[in-house]
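# Summary of the model geometry
Each chain is listed here by its residues.
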Amino acid sequence: MWIQSCAGVGYLFGSISPVIKSTMGYDQKKLSYLGVAKNLGDCIGFISGQLCQFLPFWGILAIGALQNFVGYGLLWVIVTNKLTIMPFWVMFMAIFVGTNGETYYNTATLVSCVQNFTESRGPVAGILKGFAGLSGAILSQIYHMFNFANQSSLILMIALAPPATVLSLMFFIRSVDGSHQIRPSDGLSFSFVYGICILLAAYITGFLLLDDLTILSQRLIVLSAVILMLLLIFLFAIPITLEFCPKSRVPIEASLLPKMGESYDESVLYENQCSGSEHENLAVVEEVTVRGEDFTVLEALGKANFWIMFVSLVLGSGSGITVIDNMGQICQSLELSDTRIFVSLISVSNFLGRVGGGYFSELIVRKYVYPRPVALAIVQLMMVIGLLYYAMEWPAAIYVLTLLNGLGYGAHWGIAPAAVSELFGLKNFGLLYNFIILAMPLGSFIFSSGLASSLYDYYAQRQVGLSNHASLDSMFRMNIRDDTPLTCMGS
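Residue numbers run consecutively from 1 along every chain, following the written order of its sequence. A pLDDT threshold of at least 70 governs which residues receive local features in this predicted model, and a stricter bar of 80 or more applies before side-chain atom pairs are shown or counted, although totals over entire chains, interfaces and linings include all residues. Only hydrogens and water are set aside; all other atoms, that is, all heavy atoms of the structure, feed into the side-chain values.

This part takes up the environment of Gly425. Numbered from the N terminus, helices here are DSSP runs of H or I no shorter than four residues, and strands are runs of E no shorter than two. Locating Gly425 in the fold gives a position in the loop between helix H19 (397-424) and helix H20 (429-436). Measuring from C-alpha to C-alpha, the distance between Gly425 and Phe295 comes to 6.6 Å, with 130 residues separating the pair along the chain.

Written out as structure tokens, the structure is:
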């Protein structure tokens, strides 16, 4: 959880994009391409997925820390003009390489914890992905504590803070013997973590609202950041309790295979429904028992339910990440000067969506016996409501959009990993997970680069009188000739 608390550096792109745009003189189209680079880096994790099958988890984390440092370090050097103006493709590659370090963080932590907690994969995936979503607010709060005069200093902090944290903790990430066992204290431990999650979200949200309504002194800002870090350190109470409480350490063997009576009932069911020999019936039962544990990547790609989930994630996460990446420009269009508040709010709601999505999907599966992807449909409906509310320009539309979009987008990544592991097993979970998250950059390219940026630049040009006679048919092939970055005003 500590590693994931600084792993989602890509969520700070909305905070650093304005300084990149103004310093480099980019238009919205080029900025959206940098957003695609960030999304590609965040999602192309085939190498980390393959490496986790034969490298120790600390080795994977070390590679991710190196990429994080090199990519964002180069970006900071370019933005601060310590190098001559570099070509656009260098900026693209710097953001891609730096953000790609996240895939190594996510793969190492998620695969190790899903292997260690196979009976609670939904809550585990939701909590880990939730802390990754909250990392934007955590890093933003720490950055605000130092009160840097130059906004480009945030890029330097992204290059240094996450790698330092990961390198100091990477040897603690490993598969634990007896990973198919549960403890009597597991329920209480998860409840404690959920409590800390809710407390963190409430604390950060309350502070951000207070910062938005009043002018806080620097001393109070520093105190709030210290309290935030203490709340994160308080999570260490769980392993301490498990280590020194003997009753918590007694494992209970998890029921991973059906009991004898359950197997008999299944065989009877198949005998009543299927005709054939006894050998054929037993073969069917055996196939059901091992299904989900033996899928290779190619076998999974041949399944219709895999592609249905993938397309659903393209549409849902693509629209969500478009709002997240362009939050800085949305705030500028509404004449809101402090984008940090809304970037942090969307990070908090993203966190709650991931944690709540894992818990909500587990509830649907265990209590109501519905398939886990049903939860995806519900959260996507919630995102539709938020987007329509903003489009109608109803009261407090920016707050409603931030909340519902963050919750819905975050819930996707609390639900999808658990669904993939249930449908296609844990054997190749690292590779399958890193394949399915490619839906996010694909959706970002379609909605952000292909649609939103074109509409943004078109209406920005109309507002400044550069193309009053331009038609909708030509807006996708317009070139910006003015060196001044355009800003579209209004929602």
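Attention now goes to unusual backbone geometry. Positive phi, normally seen in glycine, also occurs at Glu393, with a value near 55°. Following the sequence through the fold, Glu393 ends up in the loop between helix H18 (373-391) and H19. The phi angle at Ala396 is positive, at roughly 55°, despite the residue not being glycine. Along the polypeptide, Ala396 turns up in the loop between H18 and H19. Relative accessibility decides the category of a residue: with a 1.4 Å probe and only protein chains considered, values under 20% of the type maximum give buried, values over 50% give exposed, and everything between is partly exposed. Take Ala396: its relative accessible area is 46%, and that puts it in the partly exposed class.

For the rest of this paragraph, the subject is the packing of aromatic side chains. Only Phe, Tyr and Trp rings take part, Trp by its six-membered ring, and two of them pair if their centres are within 6.5 Å. Stacked means planes under 30 degrees apart, edge-to-face means over 60, and tilted covers everything else. A full pass over the atoms with the stated rule returns ten aromatic pairs. Note on Tyr26 and Phe88: the rings are 5.4 Å apart at their centroids and 80° apart in plane angle, and the pair reads as edge-to-face. On the criterion of sequence distance, the pair formed by Tyr26 in the loop between helix H1 (13-24) and helix H2 (28-43) and Phe88 in helix H5 (residues 88-116) is long-range, its members being 62 residues apart. Clustering of aromatic rings is evident, with ring pairs tying together Phe306, Trp307, Phe310, Phe424 and Phe435.

Of all twelve residues in H1, ten are buried; the element is thus mostly enclosed. Every buried residue of H1 is listed here: Phe13, Gly14, Ser15, Ile16, Ser17, Pro18, Val19, Ile20, Lys21 and Met24. In the segment just after H1, Gly25 is the residue with positive phi, at about 70°.

Another aspect to go through is a nonpolar patch on the surface. The patch calculation keeps residues exceeding 30% relative accessible area without a salt bridge and links them within 9 Å when they carry like charges or within 5 Å when they are nonpolar (Val, Leu, Ile, Met, Phe, Trp, Tyr). What sets the accessible areas is the Shrake-Rupley method with a 1.4 Å probe; for residues, cover comes only from the shown protein chains. The term salt bridge refers to a side-chain nitrogen of Lys or Arg lying within 4 Å of a carboxyl oxygen of Asp or Glu. Where nonpolar side chains cluster on the molecular surface, the patch consists of Trp2, Val222, Val226, Met229, Leu230, Ile233, Phe236 and Ile240 and spans about 650 Å² of accessible area. If you tally residues by element for the nonpolar patch, the top one is helix H9 (residues 218-233), at five residues. According to the relative accessible area criterion, Trp2 is partly exposed, its value standing at 30%.

So, about the packing of helix H6 (residues 121-146) against helix H7 (residues 153-169). At a minimum axis distance of 11 Å, the contact between H6 and H7 shows a crossing angle of 120°. Taken together, the axes of H6 and H7 are oblique relative to one another. Helix-helix and strand crossings are classified by hand; for H6 and H7 the assignment is right-handed. Taking contact as the criterion, the partners of Leu139, Ile142 and Tyr143 in H6 are, on H7, Ser153, Leu154, Met157 and Pro162. Of the residues assigned to the contact of H6 with H7, the class counts are six nonpolar, one polar and no charged. Convention adopted: a line fitted to C-alpha atoms gives each axis, helices being fitted over their contacting stretch, and angles between N-to-C directions are expressed from 0 to 180 degrees. The labels follow the angle: roughly parallel below 35 degrees, roughly antiparallel above 145, roughly perpendicular from 65 to 115, and oblique for the rest. In this scheme, a crossing is called left-handed if the near helix is turned counterclockwise away from the far one by less than a right angle; it is called right-handed if the turn is clockwise. Here, two residues are considered to be in contact whenever any of their heavy atoms come within 4.5 Å of each other. Three classes are used: nonpolar for Ala, Val, Leu, Ile, Met, Phe, Trp, Tyr, Cys and Pro, charged for Asp, Glu, Lys and Arg, and polar for all others, with Gly counted as polar.

Here the focus is the side chain of His412. Here His412 is to be found in helix H19. By relative accessible area, which is 0% here, His412 ends up buried. Among all residues touching His412, those that are not within four sequence positions of it are Leu313, Gly316, Ser317, Leu376, Val379, Gln380, Met383 and Pro417.

What follows covers H18. For a helix, the expected span equals 1.5 Å multiplied by the residue count minus one. Here H18 is 19 residues long and its end C-alpha atoms lie 28 Å apart, about the 27 Å a rise of 1.5 Å per residue gives. By the burial criterion, the buried members of H18 are Ala375, Leu376, Val379, Gln380, Met383, Gly386 and Tyr390. Along the axis of H18, the buried positions cluster into a sector of 130°, meaning they face one direction only. Residues of H18 that are exposed and point over 90 degrees away from its buried face: Leu381 and Ala391. Phi turns positive, to about 55°, at Glu393, one or two residues after H18. Directions from the helix axis toward the C-beta atoms define the arc.

Take the nonpolar core next. Here, nonpolar core refers to any group of buried Ala, Val, Leu, Ile, Met, Phe, Trp, Tyr and Cys residues whose side-chain atoms link them within 4.5 Å. In terms of nonpolar packing, the biggest core is built from 122 residues, with Ile16, Ile20, Leu75 and Met91 touching the most fellow members. Sorting elements by how many residues they give to this core places H6 first, with twelve residues. Those residues in contact with Leu75 that lie beyond four places of it in its chain are Ile16, Ile20, Met91, Ala94, Ile95 and Ile155.

To continue, consider the packing of H5 against H6. Where H5 meets H6, the axes come as close as 9 Å, and the angle between the chain directions of the two elements is 160°. Taken as axis vectors, H5 and H6 run roughly antiparallel relative to one another. Taken as a pair, H5 and H6 cross one another with a handedness that is right-handed. Contact residues: Asn106, Thr109, Leu110, Cys113 and Val114 in H5; Arg121, Val124, Ala125, Leu128, Lys129 and Ala132 in H6. Of the residues belonging to the contact of H5 with H6, the class tally is seven nonpolar, two polar and two charged.

A residue-level look at the protein chain finds 80% of positions with pLDDT of 70 or above and a mean pLDDT of 76. Put simply, helix H12 (residues 260-273) is where the protein chain has its lowest mean pLDDT, 38, and helix H4 (residues 57-79) is where it has its highest, 90. The predictor's confidence in any single residue is recorded as pLDDT, a number from 0 to 100. pLDDT under 50 marks residues 248-291. Its contacts with residues more than four places away, or in other chains, come to 39 contacts. Confidence drops under a pLDDT of 50 for residues 474-484, and excluding neighbours within four residues, the segment shows 14 contacts in the predicted structure.

It is worth spelling out the environment of Ile63 at this point. As for its position among the elements, Ile63 is in helix H4. When the C-alpha atoms of Ile63 and Tyr104 are compared, they prove to be 7.2 Å apart, with 41 residues separating the residues in sequence. Those residues in contact with Ile63 that sit more than four places away from it in its chain are Leu51, Leu55 and Tyr104.

Here the term cavity refers to a set of points on a 1 Å grid, laid over the protein atoms alone, in which a 1.4 Å probe fits but cannot get out; the term pocket refers to an open set having protein on both sides within 12 Å along at least five of seven lines, with lining residues being those that place an atom within 4 Å of a point. Grid points are joined across faces, edges and corners, and a volume is the space filled by probe spheres set on the points. This structure, assessed with the given rule, holds four cavities of 30 Å³ or more. Here the largest cavity defines a volume of roughly 110 Å³. At the level of secondary structure, the elements contributing two or more residues to the lining of the largest cavity comprise H2, H5, H6 and H19. Taken together, the residues of the lining of the largest cavity break down into eight nonpolar, two polar and four charged.

What follows covers the pattern of salt bridges. Applying the stated criterion across every chain, the model contains two salt bridges. For Arg372, the salt bridge is made with Glu362, and the minimal N-O distance between the two is 3.1 Å. Separated by ten residues along the polypeptide, Arg372 in the loop between helix H17 (339-366) and H18 and Glu362 in helix H17 bring together distant segments of the chain. For Glu422, the salt bridge identified is with Arg372, shortest N-O distance 2.4 Å. Here Arg372 lies in the loop between H17 and H18 and Glu422 lies in helix H19, a separation of 50 residues in the sequence. Overall, Arg372 belongs to the buried group, its relative accessible area being 2%. By sharing partners, the salt bridges in this structure join Glu362, Arg372 and Glu422 into a single network.

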